[in-house]
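# Secondary and tertiary structure notes
Okay, here's what each chain looks like letter by letter:
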Amino acid sequence: MSRLLVLLLLTFLCGCAAEPNPLPLGLVPYPNHIETGAGRYDIRGAKFSVDEDLEERSHAAVREFAAHVGFVSGCGSRVTVSGKLPSRGVRFVGDTTVRKEGYRITIGRRGVEVAVTDYRGLLYSIQTLKQLLPVEIYGDKAAPEADWSLPGLKIDDAPRFGYRGMHLDVARHFFPVEEVKRYLDIMHLHKLNTLHWHLTDDQGWRVEIGRYPRLVEVGSVRKYPDGTTYRGHYTRDEIREVVDYAARLGIDVIPEIDLPGHMQAALAAYPELGCRGHGYEVWTGWGVSDEVLCAGKESTFDFLEGVLTEIMELFPSKYIHIGGDECPKVRWQHCPHCQARIAELGLKGDKEYSKEHYLQSYVMSRVGKFLAGHGRRIIGWDEILEGEVPENAVVMSWRSNYGGILAAWMGHDAIMTPHLNFYFNYVQSDDKSTELWGVDSGPTTLEKVYNYDFKGLTDEYMEHVIGVQANMWTEFIPSAWALEHLLLPRLAALSEVQWCMPGVRDWERFSTSFRMNGIYDTMGYNHAK
Ligand code: TNX
């Protein structure tokens, strides 16, 4: 036998005998299909290439990733965009057989092949590759001494739900643009794709509206009896900046204009929109205010349409959230305008709901139709199930699973966000020394988030469940530091509920292999221990 043949044979045998790599069990959210392989691929100095058929922004994302790998590994890297990709290096190819938002990664000794069909899938493949690399990839320092090799393996992954949301209330406490961007970065790290931005409430109106300047002039300022004030709002340019930033991370931003309740800040700015017509202030208390929009006056609808027209200009999202939660009916019961509207519409109470509940349904439906006329779809909190549900509305089920079940039963889509599992403003442990900001309604532990059960949602109903979301109400969250503490690591648990197919979610695996804290530390995020 020639020496070459012996050498080849030996190489082959060694290859077969090599121990398979351990499964990277710490990946979050854990891939839906993963097979381990043997050997490793050293990514230092690798040539990156990307399919010219992919979008320009995908090329840009690969360039950015390659540049960062080159920098932290201390070996540089090169990127080519081409119709014909080389057989080595790190290759990103377009492949229409990959599922939406999904990706396939194959790592062998000769290189890495990533197949994707869309921009989000490409971004998520990069997130997964980063988690397979040393934690220094998340830093901004060169770390040439780290092991810059990737384990041989195959991943074929795509999310369970198309809507993977996180909510942020900026009305109770305001978070400036830079902090919102950080929040988006954290979401992206966990492959979430939707920010639900709660922009208005009794305690503050936070988005500039050109037609109604007093909304921020008056409505964004809380005045306390001791003379101090609390204020904050986003200009329209700042909103655009956040929406663009999010889009680059594959995140849609859904604005919420909470109506017809939770409107006291707007009433302070434009008192004529209320039933009483005067005497409102931006609320300095927490809870549910009786002061709501008057549903009888036509001017209320002019106002809402004006506001929402500008909101649609700022937000390209398919969905617009119009709230609908916690709207007390006492003002309407005694308001001649509201009662005249009830009479005109012929609304009647029944065993279950009062005529004022049906008046609220009228408001939600009318606003829903207006938005539908502009190609948008409404989301409402599960109170919109009381009375008549607006056509085509998506129900956000927050009080329990029941809202989702009822919505699905009625043929409506639902997003699951039951408070006992997914209110991240609730404390996460009983340790009073670290849980300084949360609401104590029995801790919403990491495990409780992780083990969320779609109980009562049969397979048939699950077809209407478009996604899962956690909410962050900020009455008691005064800073980004507190915000991140409540968000992390529970967001990691949420991400597996959103991403993993039934059977893949596994608390034992997740809790014993968890390594996200190292990533959070490197990124400088404050997380609960
Ligand atoms: C209920 S959930 C609310 C919010 C509060 C939250 C406090 C929902 C639709 N409304 O207005 O901030 O409870 O935890």
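First, a word on what this report is: a plain description of the structure on this page.

Here is what the cut-offs are and how they apply
Residues numbered from 1 in each chain as written. Predicted model: local features only at pLDDT ≥ 70, side-chain atom pairs only at ≥ 80, totals over all residues. Heavy atoms only, no water. Near = heavy atom within 4 Å. Polar contact = N/O pair within 3.5 Å; in protein donor to acceptor, adjacent residues only side chain to side chain. Areas by Shrake-Rupley, 256 points an atom, 1.4 Å probe, with all protein chains shown as cover. Phe/Tyr/Trp six-rings, centres within 6.5 Å; stacked < 30°, edge-to-face > 60°. Helix = DSSP H or I, 4+ residues; strand = E, 2+ residues; numbered from the N terminus. Buried < 20%, exposed > 50% of the residue type's maximum accessible area, 1.4 Å probe, protein only. Lys NZ or Arg CZ within 6 Å of the ring centre and 35° of its normal. Pairing = 2+ DSSP bridges. Axes fitted to C-alpha atoms, helices over the stretch in contact; angles between N-to-C directions. Contact = heavy atoms within 4.5 Å. Parallel < 35°, antiparallel > 145°, perpendicular 65-115°, else oblique. Left-handed = near helix turned anticlockwise from the far one by under 90°. Nonpolar A, V, L, I, M, F, W, Y, C, P; charged D, E, K, R; others polar. Expected span 1.5 Å × (residues − 1). Arc of directions from axis to C-beta.

## A look at the site of the ligand
Taken together, Arg172, His262, Asp325, Glu326, Trp381, Trp398, Tyr423, Asn425, Trp473 and Glu475 make up all the residues around the ligand. Between the ligand and aspartate 325, the relevant distance is 2.9 Å, taken from a nitrogen atom to a side-chain nitrogen or oxygen of the residue. In the model, a nitrogen atom of the ligand is placed 3.3 Å from a nitrogen or oxygen of the glutamate 326 side chain. Burial of the ligand by the protein chains amounts to 88% of its free accessible area of 360 Å².

## Brief notes about the packing of aromatic side chains
Think of a pair of aromatic rings as described by two things: how far the centres are apart, and how the planes are tilted against each other in angle. Scanning all chains against the criterion turns up 24 aromatic pairs. Ring geometry for tyrosine 124 against tryptophan 499: centres 5.5 Å apart, planes inclined by 85 degrees, an arrangement best described as edge-to-face. Of this pair, tyrosine 124 sits in helix H3 (residues 119-132) while tryptophan 499 is found in helix H17 (residues 490-499), placing the two residues 375 residues apart along the sequence. Per residue, the accessibility class of tyrosine 124 equals that of tryptophan 499, and both read buried. The interplanar angle of 50 degrees and the centroid separation of 4.8 Å between the aromatic rings of tryptophan 197 and tyrosine 234 together place this pair among those described as tilted. One end of the pair, tryptophan 197, is in strand S9 (residues 194-198); the other, tyrosine 234, is in the loop between strand S13 (229-231) and helix H6 (236-248), and 37 residues separate them in sequence. The same class applies to tryptophan 197 and to tyrosine 234, which are both buried. Through a chain of ring-to-ring contacts, the aromatic side chains of Trp381, Trp398, Tyr423, Tyr426 and Trp473 assemble into a single cluster. One cation-aromatic arrangement involves lysine 191 over tryptophan 499; the distance from NZ or CZ to the ring centre is 5.7 Å. For the cation-ring pair, arginine 366 lies above phenylalanine 301, with the distance from its terminal atom to the ring centre recorded as 3.9 Å.

## Notes on the sheet that holds strand S7 (residues 149-157)
Paired through their backbone hydrogen bonds, the strands of a sheet run either parallel or antiparallel. The sheet built from 7 strands is open, its strands ordered S1-S7-S5-S6-S4-S2-S3 with mixed pairing. A strand with exactly one partner marks an edge of an open sheet, and here the two such strands are strand S1 (34-42) and strand S3 (78-82). Across the sheet, the axes of successive neighbouring strands diverge by a mean angle of 20 degrees, strand direction being ignored. In this sheet, strand S4 (residues 89-94) lies alongside strand S2 (residues 47-51) in parallel orientation, the contact comprising 3 bridges. In the sheet register, serine 49 faces S4, and the bridge partner there is arginine 91. Contacts from helix H2 (residues 56-73) reach S2, S3 and S4, with the element oriented near 170 degrees to S2.

## Structural notes on the packing of helix H4 (residues 177-189) against H6
Put simply, H4 and H6 touch, their axes get as near as 10 Å, and they point 15 degrees apart. One way to sum up the angle between H4 and H6 is to call them roughly parallel. As for the relative orientation of H4 and H6, their crossing is right-handed in sense. Taken together, the residues of H6 that come into contact with H4 (itself represented by Val177, Glu178, Val180, Lys181, Leu184 and Asp185) are Glu238, Glu241, Val242, Tyr245 and Ala246. Its residues assigned to classes, the contact of H4 with H6 shows 6 nonpolar, no polar and 5 charged.

## As for H6
Compared with the 18 Å implied by 1.5 Å per residue over 13 residues, the 19 Å span of H6 between its first and last C-alpha is a close match. Turning to H6, its buried residues are Ile239, Val242, Val243, Tyr245 and Ala246. Projection of H6 onto a plane perpendicular to its axis shows the buried side chains occupying an angular sector of 165 degrees, all on one side. Summarising the geometry of H6, the exposed residues directed more than 90 degrees from the buried face are Asp237 and Arg248. Residues of H6 that are buried sit in contact with H4, S9, strand S14 (252-259) and helix H8 (298-314).

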